[in-house]
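# Observations on the three-dimensional arrangement
The chain contents come next:
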Amino acid sequence: TLFRSKGRLFHMIAMKNILIYFDYPITSIQGGTEQASFLLARLLVRQGFRIIFLSLHPFKEKNNEFLQYSLPDSEYLFSRRNADFTEKLCDEQNINFILNEGAASDSSFFFSHAHLNTKATIVSIINFSIWEGLDHFLSLIPPSGNTWLAKLKTVARVVSAPWKKYMAIRKKKTKLNHLLEYSDKVVVLSQKYIQDCLSLTSTRNAHKLYAIPNLLTFQIPESLSSGTKQNILLYVGRLSYADKRVDRLLSVWKKLQPVHTDWSLYIVGDGEYRENLEKISEEYHLKRIFFMGHQNPEPFYKKSKIVCLTSTHEGMPMVVNEALAYGCIPVVFDSFHAAKEMIPNTETGRLVPAFNLKQYTKTLDGLMKERYRRPNFKVLDNYKEEIITRKWLHVLKNGNE
(Lines give C-alpha, C1' and ligand atoms only; values in the text may rest on other atoms or scores of the structure.)
Protein backbone atom coordinates (compact mmCIF):
# COMPACT_ATOMS: atom_id res chain seq x y z
CA THR A 1 0.00 0.00 0.00
CA LEU A 2 2.85 2.39 0.89
CA PHE A 3 4.54 1.62 -2.43
CA ARG A 4 1.32 2.29 -4.37
CA SER A 5 0.86 5.57 -2.44
CA LYS A 6 4.37 6.73 -3.36
CA GLY A 7 3.70 5.73 -6.96
CA ARG A 8 0.57 7.87 -7.09
CA LEU A 9 2.50 10.83 -5.64
CA PHE A 10 5.22 10.50 -8.26
CA HIS A 11 2.65 10.17 -11.05
CA MET A 12 0.88 13.30 -9.81
CA ILE A 13 4.00 15.48 -10.11
CA ALA A 14 5.73 13.71 -13.03
CA MET A 15 6.49 15.82 -16.09
CA LYS A 16 5.30 19.06 -14.59
CA ASN A 17 7.08 22.15 -15.91
CA ILE A 18 9.04 24.53 -13.70
CA LEU A 19 10.37 27.98 -14.60
CA ILE A 20 13.33 28.98 -12.40
CA TYR A 21 14.18 32.69 -12.37
CA PHE A 22 17.23 34.57 -11.17
CA ASP A 23 18.54 37.99 -12.27
CA TYR A 24 21.78 36.45 -13.54
CA PRO A 25 22.06 33.33 -15.70
CA ILE A 26 22.00 30.18 -13.60
CA THR A 27 25.12 28.11 -14.06
CA SER A 28 27.01 25.33 -12.31
CA ILE A 29 30.35 27.18 -12.40
CA GLN A 30 29.22 30.19 -10.36
CA GLY A 31 28.91 30.16 -6.61
CA GLY A 32 26.08 31.21 -4.34
CA THR A 33 22.52 31.38 -5.60
CA GLU A 34 23.39 30.47 -9.19
CA GLN A 35 25.03 27.21 -8.20
CA ALA A 36 22.37 26.38 -5.59
CA SER A 37 19.68 26.91 -8.25
CA PHE A 38 21.52 24.74 -10.76
CA LEU A 39 21.83 21.88 -8.25
CA LEU A 40 18.15 22.23 -7.35
CA ALA A 41 17.22 22.06 -11.06
CA ARG A 42 19.15 18.80 -11.46
CA LEU A 43 17.48 17.36 -8.37
CA LEU A 44 14.01 18.22 -9.69
CA VAL A 45 14.76 16.72 -13.10
CA ARG A 46 15.59 13.44 -11.35
CA GLN A 47 12.10 13.62 -9.81
CA GLY A 48 10.41 13.89 -13.21
CA PHE A 49 10.10 17.66 -13.60
CA ARG A 50 11.01 19.63 -16.72
CA ILE A 51 13.10 22.73 -15.98
CA ILE A 52 13.41 26.02 -17.86
CA PHE A 53 15.71 28.86 -16.78
CA LEU A 54 14.85 32.56 -17.07
CA SER A 55 17.12 35.50 -16.26
CA LEU A 56 17.02 39.27 -16.47
CA HIS A 57 20.52 39.52 -17.90
CA PRO A 58 21.34 37.62 -21.10
CA PHE A 59 23.38 34.45 -20.85
CA LYS A 60 26.79 34.43 -22.54
CA GLU A 61 27.12 30.70 -23.03
CA LYS A 62 24.46 28.23 -24.12
CA ASN A 63 23.59 25.54 -21.61
CA ASN A 64 22.69 22.28 -23.31
CA GLU A 65 21.27 20.77 -20.12
CA PHE A 66 18.32 23.15 -19.72
CA LEU A 67 16.28 25.50 -21.88
CA GLN A 68 17.36 29.09 -21.23
CA TYR A 69 15.54 32.35 -21.82
CA SER A 70 16.38 35.93 -20.92
CA LEU A 71 13.93 38.81 -20.57
CA PRO A 72 13.80 41.27 -23.49
CA ASP A 73 14.38 44.36 -21.35
CA SER A 74 17.48 43.75 -19.21
CA GLU A 75 17.60 47.39 -18.08
CA TYR A 76 14.27 47.42 -16.24
CA LEU A 77 12.71 44.27 -14.82
CA PHE A 78 9.26 45.82 -14.35
CA SER A 79 8.73 46.82 -17.99
CA ARG A 80 5.51 45.76 -19.69
CA ARG A 81 7.59 43.90 -22.29
CA ASN A 82 9.07 41.69 -19.59
CA ALA A 83 5.67 40.95 -18.05
CA ASP A 84 4.18 40.09 -21.46
CA PHE A 85 7.17 37.89 -22.29
CA THR A 86 6.95 36.00 -18.97
CA GLU A 87 3.20 35.45 -19.24
CA LYS A 88 3.53 34.21 -22.83
CA LEU A 89 6.42 31.92 -21.88
CA CYS A 90 4.41 30.42 -19.02
CA ASP A 91 1.47 29.85 -21.35
CA GLU A 92 3.44 28.36 -24.25
CA GLN A 93 5.61 26.12 -22.07
CA ASN A 94 2.67 25.10 -19.87
CA ILE A 95 4.50 26.22 -16.73
CA ASN A 96 3.06 24.76 -13.54
CA PHE A 97 5.49 26.35 -11.08
CA ILE A 98 7.58 29.52 -11.04
CA LEU A 99 10.50 29.34 -8.62
CA ASN A 100 11.81 32.86 -8.03
CA GLU A 101 15.34 32.38 -6.68
CA GLY A 102 15.75 36.15 -6.28
CA ALA A 103 12.86 36.75 -3.93
CA ALA A 104 15.08 38.63 -1.46
CA SER A 105 15.34 41.39 -4.08
CA ASP A 106 12.67 43.56 -5.67
CA SER A 107 11.98 40.78 -8.18
CA SER A 108 9.53 39.53 -5.54
CA PHE A 109 7.20 42.33 -6.67
CA PHE A 110 7.49 41.19 -10.31
CA PHE A 111 6.98 37.46 -9.71
CA SER A 112 3.74 37.83 -7.81
CA HIS A 113 0.08 37.30 -8.58
CA ALA A 114 -0.39 41.04 -8.15
CA HIS A 115 1.85 41.69 -11.18
CA LEU A 116 1.71 38.64 -13.44
CA ASN A 117 -1.39 37.12 -14.97
CA THR A 118 -0.50 33.44 -14.67
CA LYS A 119 -2.08 30.27 -13.31
CA ALA A 120 1.36 28.92 -12.35
CA THR A 121 2.06 28.40 -8.67
CA ILE A 122 4.54 31.07 -7.58
CA VAL A 123 7.15 29.86 -5.11
CA SER A 124 9.35 32.66 -3.78
CA ILE A 125 12.76 31.54 -2.51
CA ILE A 126 14.74 33.74 -0.11
CA ASN A 127 18.39 32.73 -0.30
CA PHE A 128 19.58 35.19 2.34
CA SER A 129 18.95 35.85 5.99
CA ILE A 130 15.70 37.68 6.59
CA TRP A 131 17.32 40.54 8.50
CA GLU A 132 20.22 40.86 6.03
CA GLY A 133 22.41 42.68 8.52
CA LEU A 134 19.71 45.03 9.82
CA ASP A 135 20.29 43.62 13.31
CA HIS A 136 23.94 44.72 12.91
CA PHE A 137 23.11 48.02 11.24
CA LEU A 138 26.15 50.05 12.31
CA SER A 139 28.41 47.38 10.82
CA LEU A 140 26.96 48.18 7.39
CA ILE A 141 28.48 51.68 7.53
CA PRO A 142 31.69 51.81 5.47
CA PRO A 143 34.88 52.87 7.26
CA SER A 144 35.85 56.52 7.13
CA GLY A 145 38.72 57.74 5.02
CA ASN A 146 41.65 59.77 6.23
CA THR A 147 40.32 63.22 5.25
CA TRP A 148 38.24 65.47 7.49
CA LEU A 149 35.41 65.39 4.95
CA ALA A 150 35.36 61.60 4.95
CA LYS A 151 35.30 61.52 8.74
CA LEU A 152 32.44 64.03 8.85
CA LYS A 153 30.47 61.85 6.43
CA THR A 154 31.01 58.86 8.71
CA VAL A 155 29.79 60.85 11.72
CA ALA A 156 26.71 61.87 9.75
CA ARG A 157 26.03 58.23 8.84
CA VAL A 158 26.31 57.15 12.48
CA VAL A 159 24.00 59.95 13.68
CA SER A 160 21.39 59.15 11.04
CA ALA A 161 21.70 55.36 11.53
CA PRO A 162 18.70 54.90 13.90
CA TRP A 163 16.34 56.63 11.47
CA LYS A 164 17.75 54.76 8.46
CA LYS A 165 17.47 51.47 10.33
CA TYR A 166 13.83 52.23 11.18
CA MET A 167 13.05 52.99 7.53
CA ALA A 168 14.95 49.91 6.31
CA ILE A 169 13.01 47.63 8.65
CA ARG A 170 9.77 49.28 7.58
CA LYS A 171 10.65 48.62 3.93
CA LYS A 172 11.57 45.03 4.80
CA LYS A 173 8.19 44.49 6.46
CA THR A 174 6.38 45.87 3.40
CA LYS A 175 8.30 43.57 1.07
CA LEU A 176 7.76 40.47 3.20
CA ASN A 177 4.05 41.15 3.63
CA HIS A 178 3.68 41.58 -0.15
CA LEU A 179 5.73 38.43 -0.73
CA LEU A 180 3.55 36.33 1.55
CA GLU A 181 0.32 37.82 0.26
CA TYR A 182 0.97 37.39 -3.47
CA SER A 183 3.13 34.26 -3.55
CA ASP A 184 1.58 30.83 -3.19
CA LYS A 185 4.50 29.54 -1.13
CA VAL A 186 7.68 31.04 0.33
CA VAL A 187 10.82 28.98 0.94
CA VAL A 188 13.54 30.12 3.34
CA LEU A 189 16.79 28.38 4.26
CA SER A 190 16.17 27.61 7.92
CA GLN A 191 13.48 27.29 10.57
CA LYS A 192 15.22 30.26 12.20
CA TYR A 193 14.26 32.37 9.19
CA ILE A 194 10.63 31.31 9.41
CA GLN A 195 10.67 32.73 12.94
CA ASP A 196 12.34 35.90 11.62
CA CYS A 197 9.67 36.26 8.92
CA LEU A 198 6.89 35.93 11.45
CA SER A 199 8.55 38.50 13.72
CA LEU A 200 8.28 41.05 10.89
CA THR A 201 4.95 40.10 9.27
CA SER A 202 1.42 39.06 10.00
CA THR A 203 1.01 35.40 10.99
CA ARG A 204 -2.03 35.18 8.69
CA ASN A 205 0.10 33.65 5.92
CA ALA A 206 2.36 31.53 8.14
CA HIS A 207 1.08 28.38 6.40
CA LYS A 208 2.86 29.49 3.21
CA LEU A 209 6.31 29.34 4.81
CA TYR A 210 8.65 26.37 4.32
CA ALA A 211 12.27 25.85 5.42
CA ILE A 212 14.54 24.04 2.94
CA PRO A 213 18.34 24.39 3.07
CA ASN A 214 20.54 24.22 -0.01
CA LEU A 215 21.94 20.91 -1.20
CA LEU A 216 25.48 19.84 -0.48
CA THR A 217 27.70 21.12 -3.28
CA PHE A 218 30.25 18.30 -3.07
CA GLN A 219 30.11 14.65 -2.12
CA ILE A 220 31.77 14.00 1.23
CA PRO A 221 35.05 12.17 0.58
CA GLU A 222 34.98 8.75 2.25
CA SER A 223 38.60 9.12 3.31
CA LEU A 224 40.63 12.26 3.75
CA SER A 225 44.26 12.04 4.73
CA SER A 226 45.45 14.70 7.14
CA GLY A 227 48.76 14.45 5.31
CA THR A 228 47.30 16.37 2.38
CA LYS A 229 46.55 19.34 4.62
CA GLN A 230 48.83 22.36 4.60
CA ASN A 231 49.09 25.39 6.87
CA ILE A 232 46.57 27.42 4.88
CA LEU A 233 43.80 29.78 5.93
CA LEU A 234 41.23 29.94 3.13
CA TYR A 235 38.50 32.34 2.09
CA VAL A 236 36.10 31.27 -0.67
CA GLY A 237 33.40 33.55 -1.98
CA ARG A 238 32.41 36.78 -3.66
CA LEU A 239 34.62 39.79 -2.99
CA SER A 240 32.00 42.39 -2.10
CA TYR A 241 32.01 44.88 0.74
CA ALA A 242 28.56 45.28 2.30
CA ASP A 243 27.99 41.63 3.10
CA LYS A 244 31.29 39.69 2.91
CA ARG A 245 33.72 42.15 4.57
CA VAL A 246 36.93 40.29 3.67
CA ASP A 247 38.80 43.39 4.85
CA ARG A 248 38.18 42.14 8.39
CA LEU A 249 40.07 38.96 7.55
CA LEU A 250 42.99 41.02 6.24
CA SER A 251 43.11 42.90 9.55
CA VAL A 252 43.24 39.59 11.39
CA TRP A 253 45.96 38.24 9.08
CA LYS A 254 48.02 41.38 9.73
CA LYS A 255 48.27 40.32 13.39
CA LEU A 256 48.74 36.60 12.74
CA GLN A 257 51.32 36.60 9.93
CA PRO A 258 54.33 37.65 12.07
CA VAL A 259 53.54 34.91 14.60
CA HIS A 260 52.71 32.09 12.18
CA THR A 261 55.41 32.44 9.54
CA ASP A 262 54.74 28.94 8.18
CA TRP A 263 51.09 29.73 7.35
CA SER A 264 49.53 31.37 4.25
CA LEU A 265 46.21 33.02 3.41
CA TYR A 266 44.45 32.19 0.13
CA ILE A 267 41.57 34.32 -1.20
CA VAL A 268 39.57 32.37 -3.80
CA GLY A 269 36.90 34.42 -5.53
CA ASP A 270 36.36 37.67 -7.36
CA GLY A 271 34.19 40.75 -7.26
CA GLU A 272 34.03 44.52 -7.31
CA TYR A 273 35.91 44.87 -4.01
CA ARG A 274 38.98 42.88 -5.06
CA GLU A 275 41.03 45.92 -6.10
CA ASN A 276 40.36 47.60 -2.73
CA LEU A 277 41.38 44.45 -0.88
CA GLU A 278 44.63 44.25 -2.82
CA LYS A 279 45.34 47.88 -1.91
CA ILE A 280 44.63 47.14 1.76
CA SER A 281 46.99 44.18 1.52
CA GLU A 282 49.75 46.48 0.26
CA GLU A 283 49.05 49.11 2.93
CA TYR A 284 49.25 46.44 5.65
CA HIS A 285 52.43 44.99 4.08
CA LEU A 286 50.82 41.56 4.13
CA LYS A 287 52.93 38.57 3.24
CA ARG A 288 51.99 35.08 2.06
CA ILE A 289 48.56 36.26 0.91
CA PHE A 290 47.39 35.05 -2.50
CA PHE A 291 44.44 36.44 -4.47
CA MET A 292 43.55 33.52 -6.71
CA GLY A 293 40.53 34.98 -8.50
CA HIS A 294 37.54 32.91 -9.58
CA GLN A 295 38.52 29.24 -9.57
CA ASN A 296 37.13 25.83 -8.71
CA PRO A 297 37.58 25.87 -4.91
CA GLU A 298 37.76 22.10 -4.51
CA PRO A 299 41.60 21.81 -4.75
CA PHE A 300 41.94 24.59 -2.17
CA TYR A 301 39.53 22.90 0.24
CA LYS A 302 41.53 19.69 -0.04
CA LYS A 303 44.78 21.29 1.11
CA SER A 304 43.54 23.94 3.57
CA LYS A 305 43.12 23.39 7.30
CA ILE A 306 40.87 26.34 8.15
CA VAL A 307 38.17 28.24 6.23
CA CYS A 308 37.41 31.80 7.37
CA LEU A 309 34.17 33.74 7.03
CA THR A 310 33.94 37.32 8.37
CA SER A 311 30.62 38.41 6.84
CA THR A 312 28.24 41.00 8.21
CA HIS A 313 25.37 38.76 7.15
CA GLU A 314 24.78 35.48 5.35
CA GLY A 315 21.85 33.18 4.61
CA MET A 316 23.15 29.65 4.91
CA PRO A 317 26.60 29.94 3.33
CA MET A 318 27.47 26.94 1.18
CA VAL A 319 31.16 27.51 1.93
CA VAL A 320 30.67 26.24 5.50
CA ASN A 321 29.28 22.90 4.33
CA GLU A 322 31.86 22.67 1.56
CA ALA A 323 34.60 23.26 4.11
CA LEU A 324 33.30 20.53 6.41
CA ALA A 325 32.97 18.08 3.52
CA TYR A 326 36.69 18.50 2.83
CA GLY A 327 37.87 18.52 6.40
CA CYS A 328 38.42 22.25 6.81
CA ILE A 329 37.58 23.82 10.16
CA PRO A 330 35.12 26.71 9.60
CA VAL A 331 35.69 29.84 11.70
CA VAL A 332 32.65 32.08 11.31
CA PHE A 333 31.16 35.20 12.86
CA ASP A 334 27.88 34.50 14.63
CA SER A 335 26.28 37.24 12.53
CA PHE A 336 23.33 35.36 10.96
CA HIS A 337 20.59 33.43 12.70
CA ALA A 338 21.31 30.06 11.05
CA ALA A 339 24.95 30.07 12.17
CA LYS A 340 24.35 27.88 15.24
CA GLU A 341 22.37 25.45 13.09
CA MET A 342 25.34 25.05 10.73
CA ILE A 343 28.02 24.98 13.45
CA PRO A 344 26.29 23.50 16.51
CA ASN A 345 29.42 22.78 18.56
CA THR A 346 33.20 23.24 18.74
CA GLU A 347 33.78 19.78 17.26
CA THR A 348 32.18 21.09 14.04
CA GLY A 349 33.81 24.52 13.91
CA ARG A 350 34.14 27.81 15.71
CA LEU A 351 31.55 30.57 16.09
CA VAL A 352 32.98 33.93 17.12
CA PRO A 353 30.85 36.78 18.55
CA ALA A 354 29.90 39.04 15.65
CA PHE A 355 32.68 41.38 14.49
CA ASN A 356 34.92 40.82 17.51
CA LEU A 357 38.22 40.86 15.61
CA LYS A 358 40.26 40.38 18.76
CA GLN A 359 38.38 37.17 19.59
CA TYR A 360 38.50 36.04 15.96
CA THR A 361 42.28 36.49 15.94
CA LYS A 362 42.60 34.62 19.24
CA THR A 363 40.46 31.74 17.93
CA LEU A 364 42.51 31.37 14.77
CA ASP A 365 45.76 31.63 16.71
CA GLY A 366 44.69 28.76 18.95
CA LEU A 367 43.68 26.54 16.03
CA MET A 368 46.89 27.29 14.14
CA LYS A 369 48.96 26.21 17.17
CA GLU A 370 47.01 22.99 17.74
CA ARG A 371 47.52 19.69 15.95
CA TYR A 372 45.05 19.51 13.04
CA ARG A 373 42.00 17.30 13.60
CA ARG A 374 39.28 16.79 11.02
CA PRO A 375 36.08 18.52 12.19
CA ASN A 376 32.93 16.54 12.91
CA PHE A 377 30.74 16.66 9.79
CA LYS A 378 27.67 14.86 11.17
CA VAL A 379 25.68 18.08 10.66
CA LEU A 380 25.98 17.57 6.88
CA ASP A 381 23.38 14.79 7.13
CA ASN A 382 20.79 17.60 7.21
CA TYR A 383 21.71 18.63 3.66
CA LYS A 384 21.71 15.25 1.91
CA GLU A 385 19.80 14.83 -1.32
CA GLU A 386 17.13 12.46 0.01
CA ILE A 387 16.16 14.93 2.75
CA ILE A 388 16.10 17.99 0.47
CA THR A 389 14.15 16.02 -2.16
CA ARG A 390 11.47 15.07 0.33
CA LYS A 391 11.08 18.68 1.44
CA TRP A 392 10.79 19.99 -2.13
CA LEU A 393 8.25 17.33 -3.12
CA HIS A 394 6.17 18.41 -0.15
CA VAL A 395 6.21 22.01 -1.45
CA LEU A 396 5.47 21.08 -5.06
CA LYS A 397 3.12 18.13 -4.80
CA ASN A 398 -0.10 20.13 -4.33
CA GLY A 399 0.62 23.25 -6.37
CA ASN A 400 -1.28 26.21 -4.96
CA GLU A 401 -3.95 24.15 -3.24
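First, a word on what this report is: a plain description of the structure on this page. Keep in mind the model is a prediction, meaning the values are calculated, not measured.

## Considering the pairing of strand S8 (residues 232-236)
In terms of burial, S8 is a largely internal element, 5 of the 5 residues being buried. Where burial is concerned, the two faces of S8 agree: the one with Ile232, Leu234 and Val236 and the one with Leu233 and Tyr235 are both buried. Pairing of S8 with strand S9 (residues 264-268) involves 5 bridges; the strand directions are parallel. Paired with Tyr235 across the two strands is Ile267, which belongs to S9. Read from S8 through helix H7 (residues 246-256) to S9, the crossover connection turns out right-handed.

## Some thoughts on the sheet that holds strand S1 (residues 17-22)
Read across the sheet, 7 strands follow the order S3-S2-S1-S4-S5-S6-S7 without closing on themselves; strand pairing throughout is parallel. Each of the sheet's edge strands pairs with one partner strand only, and the pair in question is strand S3 (67-70) and strand S7 (209-211). The sheet shows a mean angle of 25° between the axes of neighbouring strands, direction not considered. Here 4 bridges tie strand S2 (residues 50-55) to S3, and the two strands are oriented parallel to one another.

## Some points on the pairing of strand S5 (residues 121-125)
Taking burial as the measure, the 5 residues of S5 include 5 buried ones, the bulk of the element. What you see with S5 is no split at all: Thr121, Val123 and Ile125 on one side and Ile122 and Ser124 on the other are buried throughout. The sheet contact formed by strand S4 (residues 95-100) and S5 spans 4 bridges and is parallel. Paired with Phe97 across the bridge in S5 is Thr121. Of the strand pairs in this sheet, S5 and strand S6 (residues 185-188) are connected by 3 bridges, and their pairing is parallel. Bridging across to S6, Val123 finds its partner in Lys185.

## A short note on unusual backbone geometry
Excluding glycine, residues mostly carry a negative phi; peptide bonds, for their part, are mostly trans. For Asn94, which is not glycine, the phi torsion reads 50° and is therefore positive. Relative to the helices and strands, Asn94 is located in the loop between helix H3 (80-92) and S4. Positive phi is not limited to glycine here, since Arg288 has a value of about 55°. Here Arg288 lies in the loop between helix H8 (274-283) and strand S10 (289-293). Residue Arg288 is classed as partly exposed on the basis of its relative accessible area of 25%.

## Quick notes on the packing of helix H2 (residues 32-46) against helix H13 (residues 385-396)
Their axes nearest at 11 Å, the elements H2 and H13 cross at an angle of 75°. Here H2 lies roughly perpendicular to H13, going by the angle between them. For the pair H2 and H13, contact is made by Leu40, Leu43, Leu44 and Arg46 and by Glu385, Ile388, Thr389, Trp392 and Leu396, respectively. Among the residues forming the contact of H2 with H13, the class breakdown is 6 nonpolar, 1 polar and 2 charged.

## Quick notes on H2
The α-helix winds at 3.6 residues per turn, so residues separated by three or four positions along the chain end up facing the same way. Between its first and last C-alpha atoms H2 spans 22 Å; for 15 residues at 1.5 Å apiece the expected length is 21 Å, and the two agree. Within H2, 11 of the 15 residues are buried, leaving the element largely enclosed by the surrounding structure. Taken together, the buried positions of H2 are occupied by Thr33, Glu34, Gln35, Ala36, Ser37, Phe38, Leu39, Leu40, Ala41, Leu43 and Leu44. Check the buried side of H2 and you find it contacts S1, S2, S4, helix H10 (318-325) and H13. Gly48, located one to two residues past H2, shows a positive phi value of around 100°.

Criteria and thresholds
Per chain, residue numbering runs from 1 following the sequence as it is written. This being a predicted model, a pLDDT of at least 70 is required before a residue's local features are given, and a value of 80 or more before pairs of side-chain atoms are given or counted; all residues contribute to the totals for chains, interfaces and linings. Excluding hydrogens and water, the side-chain values take into account all heavy atoms of the structure. Accessible area is worked out with a 1.4 Å probe on protein chains only. A residue is then buried under 20% of its type maximum, exposed over 50%, and partly exposed in between. Helix and strand labels come from DSSP, where a helix needs a run of H or I of at least four residues and a strand needs a run of E of at least two; each type is numbered from the N terminus. Note: two strands are recorded as paired if DSSP finds a minimum of 2 bridges between them. A clockwise path from the first strand over the helix to the second, with the strands pointing away from the viewer, defines a right-handed crossover. To define axes, lines are fitted to C-alpha atoms, for helices over the stretch in contact only, and angles between the resulting N-to-C directions are given on a 0 to 180 degree scale. Here roughly perpendicular refers to angles of 65 to 115 degrees, roughly parallel to angles under 35, roughly antiparallel to angles over 145, and oblique to all remaining angles. Note on definitions: a residue-residue contact is assigned when non-hydrogen atoms from the two residues lie within 4.5 Å. Three residue categories are used. Nonpolar comprises Ala, Val, Leu, Ile, Met, Phe, Trp, Tyr, Cys and Pro, charged comprises Asp, Glu, Lys and Arg, and polar comprises the others, including Gly. Take the residue count of a helix, subtract one, and multiply by 1.5 Å to get its expected span.

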